[in-house]
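# Chain and residue survey
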Amino acid sequence: MTTATYELTACPVCGHAPGDTLADGDALRAEQERLWAFHDARLRPGVPVERLVDRVAFSQRLPLGLARCAQCTLVYRNPRERDIALREAYADEAVEADALRALHDTQRDAYGAQAERLEEVLGRRGRVLEVGSYVGGFLAAAARRGWRATGIDINAAALAVAREAVGDDVEVEEADLDGYAARGDTVAGAFDAVAVWNCFEQLPDPRGAAHRTAALLGAGGVLALRVPNGAFYAAIRERLDGPLGPVAERLLAHNNLLAFPYRHGFTPGSLRRLLEPLGFEVVRVYGDALVPIADEWTRPWAAWEERLLKGALRLLAGDEAEWAPWLEVYARRRA
Ligand SMILES: [Zn+2]
């Protein structure tokens, strides 16, 4: 176990002085207690501990405090964990292979929509790199639609499951974004699309990461990010203790936003502020719910609750990204 060390920070996207406190330590601990009770009610007795992954056994510690940038509206941890503690938490994360295979199966079909949207924005299929490909759900969906897919991740157990599941047509490598981008000429400009569906919000330096993904793209290439919507989290958490508390709790918990297990909560404004100075044009911002998390350990009523709630959210949010718990942004690199 790594001991976290903390430091105070300005806004990691725009550099503005620390913003207003959105949630302090006491409020975040109360959210975490609600989260445990929420899942305790929805999982069948005897659920293996490893199946709590992506529900409550998060790689990220509970934030000490959350701030909201007064300039670009980013939601971020302040104080934040130092980089080294974060990387160790991910690389060391130990999960049973069975649990990872179950995640691959659950997520593979849901990712068809992302592969399709990427193709719409690019105007064709091509070579795609997924950063943080984890168990390979997107890689499998993209390969099925005719993309040449490469995935990188730092979790050895997840990489092994991904390799087994996607077959020989897909390259899967153990690397992080920094290490991969540092290969220079062999990867610079090599991709038509770079997708970061699951981990951009966990990277300590979003500006540096966006810069490195830009270098991997050819002219006209598309960067796709899916990130938690900081504006949605901020608006809904305010209602946790009011008359709509039970609804607010479900909206946040079914989308893995309760107790905010991320480094950054982006907003359409903070994403533009991040990407435009790097030569990207934001082409589309799409609102979405989280990929399904129910599995065979979920009580049937809870799986239905999740399906209905996410279906309703998709109808309500659609292209109105402000009201979606997760945001997908598609940005094109100018020639
Ligand atoms: Zn900012």
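Please refer to the structure placed before this passage.
Here's what I pulled together on the structure shown here. Since this is a predicted model, take the numbers as computed values, not measurements. (Residues numbered from 1 in each chain as written. Predicted model: local features only at pLDDT ≥ 70, side-chain atom pairs only at ≥ 80, totals over all residues. Heavy atoms only, no water.)

## Considering the overall build of the protein chain
Quick reminder of the rule: The secondary structure listing takes helices from DSSP runs of H or I that are at least 4 residues long and strands from runs of E that are at least 2 residues long, numbered from the N terminus. Buried residues are those whose accessible area, probed at 1.4 Å on protein chains only, stays under 20% of the maximum for their type, while exposed residues exceed 50% and partly exposed ones sit between those limits. Note on contacts: a residue pair qualifies if any of its non-hydrogen atoms lie within 4.5 Å across the two residues. Accessibility throughout is a Shrake-Rupley quantity obtained with a 1.4 Å probe, and a residue counts as covered only by protein chains that appear here.
In terms of regular secondary structure, the protein chain is built from twelve helices and 13 strands. Of all 335 residues assigned to the protein chain, the portion counted as buried reaches 54%. Long-range contacts, defined as pairs at least 24 residues apart, comprise 78% of the intrachain contacts of the protein chain with a sequence gap of at least 6. Accessible surface, the protein chain: about 14300 Å² in total, of which carbon and sulfur atoms supply 51%.

## Overview of the coordination of the zinc ion
Short version of the rule: Coordination here is defined by N, O and S atoms within 2.8 Å of the metal (3.2 Å for Na, K and Ca), and since water is not considered, a site can look incomplete. Working rule for geometry: tetrahedral if four donors all subtend angles between 85 and 135 degrees; square planar for four, octahedral for six, if opposite donors exceed 155 degrees and the others stay between 65 and 115; irregular in every other situation.
Those donors, Cys-11 (SG), Cys-14 (SG), Cys-69 (SG) and Cys-72 (SG), are the protein atoms that reach the zinc ion, and they lie 2.3 to 2.4 Å from it. For the zinc ion, the four donor atoms in the first shell make angles of 100 to 116° at the metal, so the coordination geometry reads as tetrahedral. Taken in sequence order, the residues that donate to the zinc ion follow the motif C-x2-C-x54-C-x2-C. Placement of the pair is Cys-14 in the loop between strand 1 (6–7) and strand 2 (20–23) and Cys-69 in the loop between strand 3 (66–68) and strand 4 (75–77), with a sequence separation of 55 residues. Taken as a pair, Cys-14 and Cys-69 share a single burial class, namely buried.

## Comments concerning the sheet that holds strand 2
Stated formally: Whether two strands pair depends on DSSP finding at least two bridges between them. To get an axis, a line is fitted to the C-alpha atoms, and for a helix only the part in contact is used. The angle between two axes follows their N-to-C directions and goes from 0 to 180 degrees.
Judged by pairing direction, the sheet is antiparallel, and its four strands sit side by side in the order 2-3-4-11 without closing on themselves. One side of each edge strand has no neighbouring strand; the edge strands of this open sheet are strand 2 and strand 11 (264–265). With three bridges joining them, strand 3 and strand 4 adopt antiparallel strand pairing. Counted as the bridge partner of Arg-68 is Val-75 from strand 4. Strands in contact with helix 9 (residues 230–237) are strand 2, strand 3, strand 4 and strand 11; relative to strand 2, the strand with the most contacts, it is inclined by about 70°.

## Notes on the packing of helix 9 against helix 10 (residues 245–253)
The cut-off we apply is this: Roughly parallel here means an angle under 35 degrees, roughly antiparallel means over 145, roughly perpendicular means 65 to 115, and every remaining angle is called oblique. By convention, the crossing between two helices is left-handed when the near helix turns anticlockwise from the far helix through less than a right angle, and right-handed when the turn is clockwise.
Their axes nearest at 9 Å, the elements helix 9 and helix 10 cross at an angle of 155°. One finds that helix 9 runs roughly antiparallel with respect to helix 10. The crossing of helix 9 and helix 10 is left-handed. Seen from helix 9, the contacting residues are Phe-232, Tyr-233, Ile-236 and Arg-237; seen from helix 10, they are Ala-248, Leu-251 and Leu-252.

## Regarding the packing of aromatic side chains
Definition in use: Within 6.5 Å between ring centres, the rings of Phe, Tyr and Trp (the latter by its six-membered ring) count as paired, and their orientation is classed by plane angle as stacked under 30 degrees, edge-to-face over 60, tilted in between. Placement of a charge over a ring requires the Lys NZ or Arg CZ to be within 6 Å of the ring centre, with the centre-to-atom vector within 35 degrees of the ring normal.
Using the criterion set out here, one finds nine aromatic pairs in the structure. Pairing Phe-138 with Trp-197 gives two aromatic rings, centres 5.4 Å apart and planes at 70°, and the pair type is edge-to-face. On the criterion of sequence distance, the pair formed by Phe-138 in helix 5 (residues 137–144) and Trp-197 in the loop between strand 9 (191–196) and helix 8 (206–216) is long-range, its members being 59 residues apart. Residue classification places Phe-138 among the buried residues on the basis of a relative accessible area of 1%. In this structure Trp-197 comes out as buried when scored by relative accessible area, which is 0%. Judged by centre distance (5.6 Å) and plane angle (90°), the rings of Tyr-262 and Trp-326 are edge-to-face. Of this pair, Tyr-262 sits in the loop between helix 10 and strand 11 while Trp-326 sits in strand 13 (residues 326–333), placing them 64 residues apart in sequence. In this pair, the class of Tyr-262 matches that of Trp-326, namely buried. Three or more aromatic residues joined by ring pairs form one cluster here, namely Tyr-111, Phe-138, Trp-197 and Tyr-330. The ring of Phe-38 has Arg-42 sitting right over it, with the charged end atom 3.8 Å from the ring centre.

## Quick notes on the pairing of strand 8 (residues 171–174)
Judged from the four bridges that link them, strand 7 (residues 148–153) and strand 8 form a sheet pairing that is parallel. Bridging from a neighbouring strand, Gly-151 pairs with Val-172 of strand 8.

## Examining the sheet that holds strand 13
One open sheet accounts for seven strands, arranged 8-7-6-9-10-13-12; its pairing is mixed. The open sheet has two free edges, formed respectively by strand 8 and strand 12 (280–288), since each of these has just one partner strand. Along the sheet, successive strands turn relative to each other by an average axial angle of 15°, direction set aside. The pairing of strand 6 (residues 127–131) with strand 9 spans three bridges and is parallel.

## Let's talk about the environment of Glu-296
Note that Glu-296 resides in the loop between strand 12 and helix 12 (300–317). In sequence terms Glu-296 and Ala-102 are 194 residues apart; their C-alpha atoms lie 9.3 Å from each other.

## Describing the pairing of strand 9
Test applied: By definition, the crossover connecting two strands over a helix is right-handed if that path, from the first strand to the second, turns clockwise as seen with the strands pointing away from the viewer.
Most of strand 9 sits inside the fold, with five of its six residues counted as buried. Of the pairings in the sheet, the one linking strand 9 to strand 10 (residues 217–228) comprises five bridges and is parallel in character. Of the residues in strand 10, the one forming a bridge with Ala-193 is Val-222. Running through helix 8, the crossover from strand 9 to the neighbouring parallel element strand 10 is right-handed.

## Focus: the nonpolar core
To keep things clear, this is the line we draw: Within this scheme, the nonpolar core is defined by two criteria: the residues are buried Ala, Val, Leu, Ile, Met, Phe, Trp, Tyr or Cys, and they are joined through side-chain atoms within 4.5 Å.
Membership of the largest hydrophobic core comes to 38 residues, with the highest contact counts inside it found for Val-194, Phe-200 and Leu-275. Elements with a minimum of two residues in this core: strand 6, helix 7 (177–181), strand 9, helix 8, strand 10, helix 11 (268–275), strand 12 and strand 13. When sequence neighbours within four positions are dropped, the list of residues in contact with Leu-275 reads Ala-210, Leu-223, Phe-280, Val-282, Val-329 and Ala-331.

Spatial relationships are all this shows, so hold off on functional conclusions.
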